[in-house]
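Architecture at a glance
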Amino acid sequence: MTVSVVIPLYNEEENVRELHGRLKAVLDAIGTDYEVLFIDDGSTDSTLTLLQDIQARDNRIIVLSLRRNFGQTAAFAAGFDYSRGDIIVTMDGDLQNDPNDIPKLIEMMKDNDLVSGWRKKRKDPFLSRRLPSIMANWLISKVTGVNLHDYGCSLKAYKRDVIKNLKLYGEMHRFIPAVASWYGVRIAEVETTHHPRLRGKSKYGISRTVRVVLDLITVKFLQSFSTKPLQFFGPVGLFSGALGFFISLYLALGKIFTGREIGGRPLLLLGALLIIVGIQFIGMGLLGEMMVRVYHETQKKPIYVIKKVIGPGKQ
Ligand code: UDP
Ligand code: MG
């Protein structure tokens, strides 16, 4: 068994050396084969130089240097693509996660496909970080139906299968457990230690919450309607169209039987508007249906995920 540890770093020059030292101590003690992938996410300080230096002396280290700052999710994705382990562990590079928790996560992977850390005693500012995070976790649990206390914790472990088929966008790495659970993987949560950031600056503030919420909408939409967009737009379109039709019918009948003028009535405008909106929505749903087909066919992306093939078959 090989373990890959994936760590994104953006301007963490004050943390890299200690991070490497502590990781090495913990990983050597476990006794399994391992590799550590440090992803330099376009740092402008000496992070990359330090990493290269470490890599030259430790052949278990792989350094990926991204061309510019792509963000934490993209850095994780790069790490996943270049990792070779059967188990992939992710964590932050600022020593807020504790490398000493890694053996516990790996141990739990015996009975699970994904283990997620829970920073029960999170050491971050309350107003700007912990409060939005409590609300975000509540919302994500409600919307996705996967109950975790701490989606945002970077310290997680995955079986290779789980992330193999995932494409990550935006702030999506925190939604991996939710997306994975729809494929039917076993998920566990475990309390992990959290430290305040001692050196370097946090790269995020409250604005991140907005991006997370927008990504949540995407995830929910993809979960429910990605292969059937007309089922989403259709009912709204039909309702609006039908309402518009009956309003117009009512006006027309009134005109025919009572001769009442309808040209200046606001209701006419509403009726016409609802019919147009209805047609638009159904049109959008149909366009969506076409896009879904193009998307799946160009990517050769199946609309299912196979866990195992038993007997002879294409591997
Ligand atoms: N990070 C990154 N790219 C970015 C921002 C952050 O690779 O654009 C890394 C950062 O170096 C750290 C981890 O992601 O290792 C978490 O970042 P940070 O500590 O700033 O987030 P916080 O703990 O405040 O949520
Ligand atoms: Mg941090």
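Residues numbered from 1 in each chain as written. Chains lettered and ligands numbered in written order. Predicted model: local features only at pLDDT ≥ 70, side-chain atom pairs only at ≥ 80, totals over all residues. Heavy atoms only, no water.

By the element assignment, Arg-197 lies in the loop between strand S7 (187–191) and helix H8 (207–225). Engagement of the side chain of Arg-197 in a polar contact is seen with the side chain of Glu-12, the distance being 2.9 Å. At a separation of 3.1 Å, a polar atom in the side chain of Arg-197 contacts the side chain of Asp-94. (Helix = DSSP H or I, 4+ residues; strand = E, 2+ residues; numbered from the N terminus. Polar contact = N/O pair within 3.5 Å; in protein donor to acceptor, adjacent residues only side chain to side chain.)

In this section: the packing of aromatic side chains. According to the stated counting rule, one finds nine aromatic pairs in the structure shown. On the numbers, 5.2 Å between centres and 80° between planes, the contact of Phe-221 with Phe-232 is edge-to-face. Taken as a pair, Phe-221 in helix H8 and Phe-232 in helix H9 (residues 229–258) lie far apart in primary sequence, 11 residues in all. Pairing Phe-245 with Phe-246 gives two aromatic rings, centres 5.4 Å apart and planes at 70°, and the pair type is edge-to-face. (Phe/Tyr/Trp six-rings, centres within 6.5 Å; stacked < 30°, edge-to-face > 60°.)

Before going further, it helps to spend a moment on helix H2 (residues 47–57). Count 3.6 residues to each turn of an α-helix, and residues three or four apart come out pointing the same way. Within the sequence span of H2, burial applies to Thr-47, Leu-50, Leu-51 and Ile-54. Taken end-on, H2 shows its buried residues confined to a sector of 100°, consistent with a single buried face. More than 90 degrees from the buried face of H2, the exposed residues found are Thr-49 and Ala-56. Lining the buried residues of H2 we find strand S1 (2–9), helix H1 (16–30), strand S2 (33–40) and strand S3 (61–65). (Buried < 20%, exposed > 50% of the residue type's maximum accessible area, 1.4 Å probe, protein only. Arc of directions from axis to C-beta. Contact = heavy atoms within 4.5 Å.)

With that settled, the discussion passes to the site of ligand 1. Residues in close proximity to ligand 1 total 18 residues, the closest being Glu-12, Asp-41, Asp-94, Ser-202 and Lys-203. Within the contact set of ligand 1, an oxygen atom lies 2.8 Å away from a backbone nitrogen or oxygen of Tyr-10. A distance of 3.0 Å separates an oxygen atom of ligand 1 from a polar atom in the side chain of Gln-96. Isolated, ligand 1 exposes 530 Å² of accessible area, and the fraction of that covered by the protein chains is 96%. The residue inventory of the shell around ligand 1, partitioned by class, reads four nonpolar, six polar and eight charged. (Near = heavy atom within 4 Å. Areas by Shrake-Rupley, 256 points an atom, 1.4 Å probe, with all protein chains shown as cover. Nonpolar A, V, L, I, M, F, W, Y, C, P; charged D, E, K, R; others polar.)

What follows covers a nonpolar patch on the surface. Among the surface-exposed residues, Phe-245, Phe-246, Leu-249, Leu-253, Ile-256 and Phe-257 lie close enough to one another that they form a single nonpolar patch of about 660 Å² accessible area. Relative to the assigned elements, Phe-245 resides in helix H9. We classify Phe-245 as partly exposed; its relative accessible area is 46%. (Patch = residues over 30% accessible without salt bridge, like charges linked within 9 Å, V, L, I, M, F, W, Y side chains within 5 Å. Salt bridge = Lys/Arg side-chain N within 4 Å of Asp/Glu carboxyl O.)

Attention shifts here to the packing of H9 against helix H10 (residues 266–298). One way to put it is that H9 packs onto H10 with a least axis distance of 7 Å and a crossing angle of 160°. For the element pair H9 / H10, the angle class is roughly antiparallel. Between H9 and H10 lies a crossing whose hand is left-handed. Class assignment for the residues of the contact of H9 with H10 results in 22 nonpolar, 11 polar and one charged. (Axes fitted to C-alpha atoms, helices over the stretch in contact; angles between N-to-C directions. Parallel < 35°, antiparallel > 145°, perpendicular 65-115°, else oblique. Left-handed = near helix turned anticlockwise from the far one by under 90°.)

Per-residue confidence for the protein chain averages 92 on the pLDDT scale, and 97% of its residues sit at or above 70. Of all the helices and strands in the protein chain, H8 carries the lowest mean pLDDT, 85, while strand S4 (residues 87–90) carries the highest, 98. (pLDDT = per-residue confidence, 0-100.)

Our focus in this paragraph is the pattern of salt bridges. On inspection of all chains with the given rule, the structure shows 21 salt bridges. Ionic pairing is found between Arg-197 and Glu-12, a salt bridge with its closest N-O pair at 2.9 Å. Placement of the pair is Arg-197 in the loop between S7 and H8 and Glu-12 in the loop between S1 and H1, with a sequence separation of 185 residues. The class of Glu-12 is buried, set by a relative accessible area of 5%.

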